[in-house]
Amino acid sequence: MKKIKHGFTLAEMLVVLGVIVFLLTILVPVMKKVTPNQDKMMLKKAYYMAERVINELVNDTELYPEPDDVVTGPWFLANTKEVRDPRTGNMVSGPTKFCELFKARMNVLEEHTTCENSTGLGMGTTNTVSVANQKITFTTTDGVDWFIRKGNFTGSTYIELQFDVSGRGKGNDCFYLALNTDGKCLKPDSFWFKVYSNGRIEPYHSKTLEWLTDTKVTN
């Protein structure tokens, strides 16, 4: 005799669906927590790249030699004396010196404006600087837009470095300094830093530092 094959009953199907729904309610929140935050990952990549290049420059005694007057300086990146960049063969000096040397050591995909015109708007004391108004200095091969405000490290003792990890016109195009404004930036993709003459690079906002020190790199 042939055995009669029975399919799933309606009750069995409901039980299986119920188990699946139960598992999803548990797993979905967990998966969200472990999903990598692309902006955090790109922030860390761009930051450590900038930190490495700046460290190389500040310790390069050919590009930044000791000042003629070791007492009054200027020392390190503040020494804007003209030198020849071995990477490009160009003579660089003055307020565009750091910008030119920094750019020459990055994997530049496209240059948007010369260092001579990389003035930007500056952060100043306002929290409402529009990213869209900033002049992109160059874009690296990973799609990050870099903004460098030219300067000679005098007066304010630092120059401004900013990068948009998703590229301008993509993502949120906002930064942490807008946290206290009406349009709060809770998920930034643009980050501002101060670069000091001794090579120290410091984020404008403590929240950026939290992202940099977050070892989980998740949402």
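Data block above holds the structure.
Each chain has its residues counted from 1, running along the sequence as written. Per-residue local features are limited, in this predicted model, to residues with pLDDT of at least 70; the limit for side-chain atom pairs, both in listing and counting, is 80 or more; totals at the level of whole chains, interfaces and linings are taken over all residues. Side-chain numbers here rest on the full set of heavy atoms in the structure, without hydrogens or water.

Caption draft 1: Geometry of the packing of helix α2 (residues 38-58) against helix α3 (residues 97-104). Put simply, α2 and α3 touch, their axes get as near as 10 Å, and they point 120° apart. Here α2 is positioned oblique relative to α3, judged by the angle of their axes. The two elements α2 and α3 cross, and the hand of that crossing is right-handed. Contacts between α2 and α3 pair Ala 50, Val 53, Ile 54 and Leu 57 from the former with Phe 98, Leu 101 and Phe 102 from the latter. Each residue gets one label: Ala, Val, Leu, Ile, Met, Phe, Trp, Tyr, Cys and Pro are nonpolar, Asp, Glu, Lys and Arg are charged, and the others, such as Gly, are polar. Taken together, the residues of the contact of α2 with α3 break down into seven nonpolar, no polar and no charged. In this analysis an axis means a line fitted to C-alpha atoms, helices contributing only their contacting stretch, and an angle means the value between N-to-C directions, from 0 to 180 degrees. Comment: elements are numbered from the N terminus, with helices defined as DSSP H or I runs of at least four residues and strands as E runs of at least two. Throughout, the term roughly parallel applies to angles under 35 degrees, roughly antiparallel to angles over 145, roughly perpendicular to angles from 65 to 115, and oblique to all others. Crossings are classed by handedness, with left-handed meaning an anticlockwise turn of the near helix from the far one by less than a right angle and right-handed meaning a clockwise turn. What makes two residues a contact is simply this: any of their non-hydrogen atoms within 4.5 Å.

Caption draft 2: Spatial organisation of the pairing of strand β7 (residues 190-196). Counting buried positions along β7 gives seven out of seven residues, so the element sits mostly inside the fold. Taken together, the seven bridges between strand β6 (residues 158-164) and β7 define a ladder with antiparallel strand orientation. Its bridge partner lying in β7, Tyr 158 is registered against Tyr 196. Of the pairings in the sheet, the one linking β7 to strand β8 (residues 201-203) comprises three bridges and is antiparallel in character. Residue pairing across strands places Val 195 opposite Ile 201, the latter belonging to β8. Any two strands between which DSSP finds at least two bridges are classified as paired. Connecting the antiparallel pair β7 and β8 is a turn made up of four residues, with Gly 199 showing a positive phi of about 95°. Partly exposed describes any residue whose relative accessible area lies between the buried limit of under 20% and the exposed limit of over 50%, with all areas from a 1.4 Å probe on protein chains only and scaled to the type maximum.

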